[in-house]
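Chain by chain, the residues:
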Amino acid sequence: MFVGLLAVLAVVSAEVHQFNIGYRPNLRQRLNAEGKLAEYEKERNELLSKKSLQLAQSSSPIIDYEDMAYMVQISMGTPAQNFVLFIDSGSSNLWVPDITCAAGKDATCGSYCKSTPYDACLTFCQEECCTKTVAGAKVLSTADACQSKHRFNSTLSSTYVTNGQKFDMTYNTGEVKGFFGVDTFCFTNTSVCATGQVFGQATTIGEAFGKQPEDGIIGLGWPALAVNQQTPPLFNLMSQGKLDQPYFVVYLAQIGPTSQINGGAFTVGGLDTTHCNANVDWVPLTTQTFWQFKLSGVSSGSYSQNPTAGWQAAADTAASFIGAPKSVVTSLAKTVGATYVPGTGAFFIDCDAVVPDIVFTINGKTYNMPSTSFVVSAGPGPCMFAFYELTAGGFYPAWMLGPPFMRAYCHVHDMQNGRLGLSKVL
């Protein structure tokens, strides 16, 4: 049962805690399985062309909400109000829908809430959106993208404090607007709690957010990356002395050609000795915004690219795939036999293809990523090649090393010493 898979795991000691990470194929993977990806991409590109000027003038997060696939359960307030949030080490704010949230044009509970099993639906969606039979799925009376989500009610929390600041975050597929509040943050049903946590209470979310059942986002990046430079929850846990060691570790399970909902494990306060090798290679960060470092080279088969200055790369849990410069993605796809399918914005590859590893050179060492990490299920037919062309420039890094790389190497985030540890998955 999905709720059970997201439940807390008891481990090691009072100061080192481990939780399951939930996984659900991202929106593009699900649409491809339904044969609707090309139609969606066409509509999305038309929308983006109309919004191009607005996006150019905004501080848009580098990873879009629709690309996210990994999540954890958290709670806010006293007594606890529970939420399912995407984990995003490429941003630093925590936000959830507020009870006053009412925006967008999605008049139903969303296709995911209507088609998912009842118990899983209760985890992701409001109870009125869940049904034990697909035929009985309800249509909400109000056209509202917020209504299928869990929403925070400050009047029910005895520890809530107002903040007064407002926020506005622009994603490719819509805006999130609201105000900041202050309350107690916890990982659901645990004692891992930070008091006085500043968090976003979204009063407006774009209609596209109704297509994803998760409630919001927990940012794992550095404070300097946050809107209004708010302190992220993990950094608050560290500063409040709630962690044995200043680490959080992300282990992502292999998903390969078959999808699953147990996505991995999230460990706070120490190392993950269950899933990760005890030998950790520490990589210095080049900036304390993203978890960003120098990537010296990449190779696969006969292809090799080692620019003199290397590239700036960031580890990011949010992007389901790996973002890289267009020329690199095209060359890697050719090397492994992946084909770009016009209209879908994606590369496809035979699920049973025997292909060489993709090898990254980082801090003088090489890291092999096997095909089981970058050949992912996309429903009936061929699999997806888990790379995409990253066009962001300026402030943003050239590479976003997302979950495919994390499925081969656990990522140990050292919040005190400004470094990233890489440890081979057991």
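Just so we're clear, the structure is a prediction, and the values are computed from it rather than from any experiment.

Definitions and limits used
- Residues numbered from 1 in each chain as written.
- Predicted model: local features only at pLDDT ≥ 70, side-chain atom pairs only at ≥ 80, totals over all residues.
- Heavy atoms only, no water.
- Helix = DSSP H or I, 4+ residues; strand = E, 2+ residues; numbered from the N terminus.
- Contact = heavy atoms within 4.5 Å.
- Polar contact = N/O pair within 3.5 Å; in protein donor to acceptor, adjacent residues only side chain to side chain.
- Salt bridge = Lys/Arg side-chain N within 4 Å of Asp/Glu carboxyl O.
- Buried < 20%, exposed > 50% of the residue type's maximum accessible area, 1.4 Å probe, protein only.
- Core = buried A, V, L, I, M, F, W, Y, C linked by side-chain atoms within 4.5 Å.
- Domains from an automatic or database assignment.
- Phe/Tyr/Trp six-rings, centres within 6.5 Å; stacked < 30°, edge-to-face > 60°.
- Lys NZ or Arg CZ within 6 Å of the ring centre and 35° of its normal.
- Disulfide = S-S within 2.5 Å.
- Pairing = 2+ DSSP bridges.

**Considerations on the environment of aspartate 357**
Next, step 1: Structurally, the position occupied by aspartate 357 is in the loop between β19 (346-349) and β20 (358-362).
Next, step 2: Considered as a pair, aspartate 357 and threonine 372 are 15 residues apart in the sequence and their alpha carbons are 9.3 Å apart.
Next, step 3: Apart from the residues within four sequence positions on either side, aspartate 357 is in contact with Ser299, Ser300, Gly301, Asn368, Met369, Pro370 and Ser371.
Next, step 4: Within the structure, aspartate 357 has its side chain in polar contact with the side chain of asparagine 368 (distance 3.2 Å).

**Observations regarding the pattern of salt bridges**
Next, step 1: Tallying each qualifying case throughout the model produces two salt bridges.
Next, step 2: The partner of aspartate 281 in a salt bridge is lysine 365, with the nearest N and O atoms 3.0 Å apart. Of this pair, aspartate 281 sits in strand β12 (residues 281-284) while lysine 365 sits in strand β21 (residues 365-369), placing them 84 residues apart in sequence.
Next, step 3: A relative accessible area of 15% means that aspartate 281 is categorised as buried.

**With respect to the side chain of asparagine 236**
Next, step 1: Looking at the secondary structure, you find asparagine 236 in helix α6 (residues 233-239).
Next, step 2: Looking at asparagine 236, the relative accessible area reads 11%, which means it is buried.

**Here we look at the nonpolar core**
Next, step 1: Membership of the largest hydrophobic core comes to 80 residues, with the highest contact counts inside it found for Phe187, Phe360, Phe385, Phe387 and Trp399.
Next, step 2: Among the elements that take part in this core, helix α7 (residues 326-336) stands out by supplying five residues, more than any other.
Next, step 3: In this structure, this core is formed jointly by two domains, domain 1 (17-32 + 63-248) and domain 2 (276-424), each of which donates at least three residues.
Next, step 4: Not counting residues up to four positions away in its chain, the partners in contact with phenylalanine 187 are Phe19, Val72, Gln73, Ile74, Val192, Leu234, Leu237, Phe266 and Val268.
Next, step 5: Of all hydrophobic cores here, the second largest spans 15 residues; its members include Phe180, Val198, Phe209 and Ile217.

**A look at the packing of aromatic side chains**
Next, step 1: Under the definition given, this model contains 22 aromatic pairs.
Next, step 2: Their ring planes at 20 degrees and their centres at 4.9 Å tell us that phenylalanine 385 and phenylalanine 387 sit as a pair that is stacked.
Next, step 3: With relative accessibility at 1%, the residue phenylalanine 385 sits in the buried group.
Next, step 4: Pairwise contacts between aromatic rings join Phe19, Phe185, Phe187, Trp222, Phe235, Phe248, Phe266 and Trp291 into one cluster.
Next, step 5: Stacked on the ring of tryptophan 282, the Lys or Arg arginine 419 has its end atom at 3.7 Å from the ring centre.

**Some words on the state of the cysteines**
Next, step 1: Inspection of the entire model under this criterion finds four disulfides.
Next, step 2: Paired by a disulfide, cysteine 186 and cysteine 193 hold their sulfur atoms 2.0 Å apart. On the S-S bond that ties cysteine 186 to cysteine 193, the torsion sits near 110 degrees, and the link is right-handed.

**What to know about the pairing of β21**
Next, step 1: Pairing of β20 with β21, which is carried by five bridges, proceeds in the antiparallel orientation. Paired with phenylalanine 360 across the bridge in β21 is tyrosine 367.
Next, step 2: Between β20 and the antiparallel strand that follows it, β21, lie two residues; asparagine 363 among them carries a positive phi value of about 55 degrees.

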